[in-house]
Amino acid sequence: MSNLKPETGSFFQRDRDWHPPALTPWYKTSVLRSPQKALISMDNTISEITGPRFGHNIIGELDNDLVHNFAKPGESAIGERIIVYGRVIDERGKGVANTLVEFWQANAGGRYRHKKDQYFAPLDPNFGGCGRTITDENGFYTFRTIKPGPYPWPNGVNDWRPSHIHFSIFGDGFVQRLITQMYFEGDPLIWKCPIIRTIPDRAAIERLVAPLDMEATIPMDARAYKFDIVLRGRRSTFFENRKEGN
Amino acid sequence: MVQDLGRIKETPSQTAGPYVHIGLTPNFCGIGGVYSADLGTSMVNDRTRGERITVKSRVIDGSGTPLRDALVEIWQADADGFYNSPAEMRGSGDPNFAGWGRCPADMDTGEFVFQTIKPGRVPFRDGRLMAPHITFWIVARGINIGLHTRMYFGDEEKANAEDPVLQRIEHKVRVPTLIAPREGNVYTFDIHLQGDRETVFFDI
Ligand SMILES: [Fe+3]
């Protein structure tokens, strides 16, 4: 299925009841950072249906290999080796081709390489924690990393984040821009996490939990988790309303 | 029963968290050697067409404190009002201007600085021209879903007055929250998340 002509329809309206609301007091930082007035609704203009494009030429050979992209030559990051793969599609089920996917995470002990992270767990000298890739013509992406550890964070006195990987995705129009997090099948911390509980619908939360995929696992090397990402879909432009006679 | 529409719901958003820099601007937070440069840090080169401007911005919380861990991306047309995007069907954008920028807040002051060009006017859905504007997208710890807004230019009074998007804002008293005053070549756009001066955000 090729798609020679770029699509220019406006995007489906975002279902704001499916996403987390701005104000979620149990996630304390949201209290002073949540807009209180109603959003102004409007159909997309050219400013929204367009968006930036990134060429495959920006991607370096190790950009999608977090086990090695910060490691000294001949060394590798410590932790459970995993592959994360999946497909970026839109709400119509169409693959989103050639789109930039960026990801970041803590190391195997749950520590970020960031001056603001003061957790006791040690830094791994061979792990940076960032990676990126561009989807292929059908929307598929893949990367290699180590499974991040859970970590405590100051919210309640004993709140822990489950193991997770942060994702940033572009799509074709700037209003498809999305940041989210991927969790791991079977983690008991998922259902206790205040950040995950900002999402009101259990079915929506389950969409962020990646299953173990033994068929994609590389024997004697790395287990695999599948994480599909869905971006907003576009309306058809066949019968756009425009002034008669134009 | 009827046929299935075959729609799949969008992946739900989660906060970018306090360590968004690791993923999106690793060089900025001291993770060097993975990418040669952070994406979106330079928007113009010598051959970019248009008037050079600086946009300075802050994102301010409900206590009046600037966020020092936020990240902002901007998206804008070129000097002639064309976007550098495959979905731009009216013509082609300036090859020396991608139109997209990304900037983390200064970790001490919370300030964002974009060196860019003033965009041209882009038509609204019905063909009327919109006033020049820059789209802003804001993410941070404590923001559960990225916020969309627009910056308009303080020295474009006539164009702003006829802008179909600004006209659509019922409470006219809120329109100035989207208009950045100009001083020399610098536009200052402070974004307020809450309070009397809460910036207009769009569901778009
Ligand atoms: Fe995290």
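No experiment lies behind these values; they were computed from the predicted model shown.

Asker: Explanation requested: the overall build of chain A in the structure shown.
Answerer: The number of helices and strands found in chain A is two helices and twelve strands. Counted from the first residue to the last, chain A has its helices and strands arranged as β-α-β-β-β-β-β-β-β-β-α-β-β-β. The C-alpha atoms of chain A give a radius of gyration of 20 Å, which matches the 18 Å a tight globule of 246 residues would have. Seen through its principal axes, chain A has C-alpha atoms that stretch 70 × 40 × 35 Å.

Asker: Help me out: how do you make sense of the interface of chain B and chain A in this one?
Answerer: Put simply, an interface is often sized by how much accessible area is lost when its parts join up. Contacts between the two partners involve 76 residues from chain B and, on the opposite side, 94 residues from chain A. Summing the contributions of chain B and of chain A, the shared interface buries around 7700 Å²; its carbon and sulfur component is 59%. Sorting the residues of chain B by area buried against chain A places Glu-10, Gln-14 and Asp-203 of chain B first, and these three jointly supply 12% of that buried surface. Connecting chain B to chain A are eight salt bridges. Our enumeration of links across chain B and chain A arrives at 46 residue pairs in polar contact (both at pLDDT 80 or more). When contributions to the side of chain B that touches chain A are tallied by element, the ones reaching two or more residues are helix 1 (20–24), strand 2 (71–75), strand 3 (100–104), strand 5 (133–139), strand 6 (147–153) and strand 10 (202–203) of chain B.

Asker: Is there a simple way to think about the environment of Val-200 of chain B in this case?
Answerer: Among the secondary structure elements, Val-200 of chain B is positioned in the loop between strand 9 (186–192) and strand 10. Along the backbone, Val-200 of chain B and Ile-74 of chain B are 126 residues apart, and their C-alpha atoms lie at a distance of 16 Å. Setting aside anything within four residues of it in sequence, one finds Val-200 of chain B in contact with Ile-40 of chain A together with Thr-149, Ile-169, Arg-174, Thr-177 and Leu-178 of chain B.

Asker: Can you walk me through the nonpolar core in this structure?
Answerer: Most often, soluble globular proteins have nonpolar side chains that are buried together. Of all hydrophobic cores here, the largest spans 85 residues; its most connected members are Val-84, Phe-167, Met-182, Phe-227 and Ile-229 of chain A. Those residues in contact with Met-182 of chain A that lie beyond four places of it in its chain are Val-84, Ser-163, His-164, Ile-165, Phe-167, Leu-208, Ala-210, Tyr-225 and Phe-227 of chain A. Within the second largest apolar cluster, 28 residues are counted, among which are Ala-70, Phe-136, Ile-138 and Ala-180 of chain B.

Asker: What am I meant to see in the coordination of the iron ion here?
Answerer: Put simply, a metal with four donors set out as a tetrahedron has ideal angles of 109.5 degrees, and one with six donors set out as an octahedron has ideal angles of 90 or 180 degrees. Residues and elements named next belong to chain A. The iron ion binds to the protein through Tyr-112 (OH), Tyr-151 (OH), His-164 (NE2) and His-166 (NE2); the donor distances cover 1.9 to 2.2 Å. Around the iron ion sit four donor atoms; with metal-centred angles ranging over 90 to 165°, the donor geometry is irregular. One chain supplies every donor to the iron ion, and in sequence these donors are spaced Y-x38-Y-x12-H-x1-H. With a gap of 52 residues between them, Tyr-112 in the loop between strand 3 (100–104) and strand 4 (130–134) and His-164 in strand 8 (residues 164–169) connect regions that are remote in the sequence. Accessibility expressed as a relative area gives 2% for His-164, which makes it buried.

Asker: Help me out: how do you make sense of the pattern of salt bridges in this one?
Answerer: Between side chains of opposite charge, a pair can form as their charged atoms come close. Residue and element names in this part refer to chain B. Overall, the coordinates contain 30 salt bridges over all chains when judged by the stated rule. Arg-49 is the salt-bridge partner of Asp-80, the closest N and O atoms lying 3.3 Å from each other. Of this pair, Asp-80 sits in the loop between strand 2 and strand 3 while Arg-49 sits in the loop between helix 1 and strand 1 (52–60); the two residues are 31 residues apart in sequence, bridging distant segments of the chain. Looking at Asp-80, the relative accessible area reads 45%, which means it is partly exposed. Here Arg-141 makes a salt bridge to Asp-69, at a shortest N to O gap of 2.8 Å.

Asker: Looking at this structure, how should I read the sheet that holds strand 4 of chain A?
Answerer: Sheet strands associate in pairs through backbone hydrogen bonding, adopting either a parallel or an antiparallel arrangement. Residue and element names in this part refer to chain A. Reading across the sheet, the five strands line up as 4-3-8-9-10 and stay open at both edges, with mixed pairing between neighbours. A single partner strand is all that each edge strand has here, and the edge strands are strand 4 and strand 10 (209–210). As defined by bridge partners, strand 3 adjoins strand 8 across four bridges and the pair is classed as antiparallel. Looking across to strand 8, one finds that Trp-104 is bridged to His-166.

Asker: Looking at this structure, how should I read empty space enclosed by the protein?
Answerer: Applying the stated criterion across every chain, the model contains four cavities of 30 Å³ or more. Estimates place the volume of the largest cavity at around 60 Å³. Taken together, 14 residues line the largest cavity, and the ones lying closest to its centre are Ile-179 of chain A together with Ser-13, Trp-137, Ile-145 and Gly-146 of chain B. For the lining of the largest cavity, the secondary-structure elements that each account for two or more residues are strand 9 (178–184) of chain A together with strand 5 of chain B. Of the residues contributing to the lining of the largest cavity, the split by class is seven nonpolar, five polar and two charged.

Asker: Looking at this structure, I do not really get the confidence of the model for chain B. What am I missing?
Answerer: Keep in mind that low pLDDT regions are not for reading the predicted coordinates in detail. On average, residues of chain B score 97 in pLDDT, and 100% of them reach the 70 mark or higher. Confidence estimates for the predicted assembly give a pTM of 0.96 and an ipTM of 0.97.

Asker: Explain the packing of aromatic side chains here, please?
Answerer: Both the distance between ring centres and the angle between the ring planes are used here to describe each pair of aromatic rings. What the rule picks out here adds up to 19 aromatic pairs over all chains. By the ring-pair criterion, three or more aromatic residues cluster together here, those being Phe-103, Tyr-141, Phe-143, Phe-167 and Phe-227 of chain A. Over the ring of Trp-191 of chain A we find Arg-202 of chain A; its NZ or CZ atom is 3.9 Å from the centre of that ring. Over the face of the ring belonging to Trp-18 of chain A we find Lys-9 of chain B, whose NZ or CZ atom lies 5.2 Å from the ring centre.

Asker: What is the right way to read the sheet that holds strand 8 (residues 182–183) of chain B from this model?
Answerer: Residue and element names in this part refer to chain B. Taking strand neighbours across the sheet as the criterion, the four strands line up as 4-1-9-8 in an open arrangement whose pairing is mixed. Looking at the sheet topology across the chains shown, the edges are occupied by strand 4 (111–117) and strand 8. Relative to strand 4, strand 1 is paired through seven bridges, and the arrangement is antiparallel. Directly across from Ser-57, in strand 4, lies its bridge partner Phe-112.

Reading the values: rules and limits
- Residues numbered from 1 in each chain as written.
- Chains lettered and ligands numbered in written order.
- Predicted model: local features only at pLDDT ≥ 70, side-chain atom pairs only at ≥ 80, totals over all residues.
- Heavy atoms only, no water.
- Helix = DSSP H or I, 4+ residues; strand = E, 2+ residues; numbered from the N terminus.
- Rg over C-alpha atoms; globule rule 2.2 N^0.38 Å.
- Contact = heavy atoms within 4.5 Å.
- Buried area = accessible area lost by both parts, 1.4 Å probe.
- Salt bridge = Lys/Arg side-chain N within 4 Å of Asp/Glu carboxyl O.
- Polar contact = N/O pair within 3.5 Å; in protein donor to acceptor, adjacent residues only side chain to side chain.
- Core = buried A, V, L, I, M, F, W, Y, C linked by side-chain atoms within 4.5 Å.
- Buried < 20%, exposed > 50% of the residue type's maximum accessible area, 1.4 Å probe, protein only.
- Donors = N, O, S within 2.8 Å, 3.2 Å for Na, K, Ca; no water.
- Tetrahedral: all angles 85-135°; square planar, octahedral: opposite > 155°, others 65-115°.
- Pairing = 2+ DSSP bridges.
- 1 Å grid on protein atoms, 1.4 Å probe; cavity = no way out; pocket = protein on both sides within 12 Å on 5 of 7 lines; lining within 4 Å.
- Points joined across faces, edges and corners; volume = space filled by probe spheres on them.
- Nonpolar A, V, L, I, M, F, W, Y, C, P; charged D, E, K, R; others polar.
- pLDDT = per-residue confidence, 0-100.
- Phe/Tyr/Trp six-rings, centres within 6.5 Å; stacked < 30°, edge-to-face > 60°.
- Lys NZ or Arg CZ within 6 Å of the ring centre and 35° of its normal.

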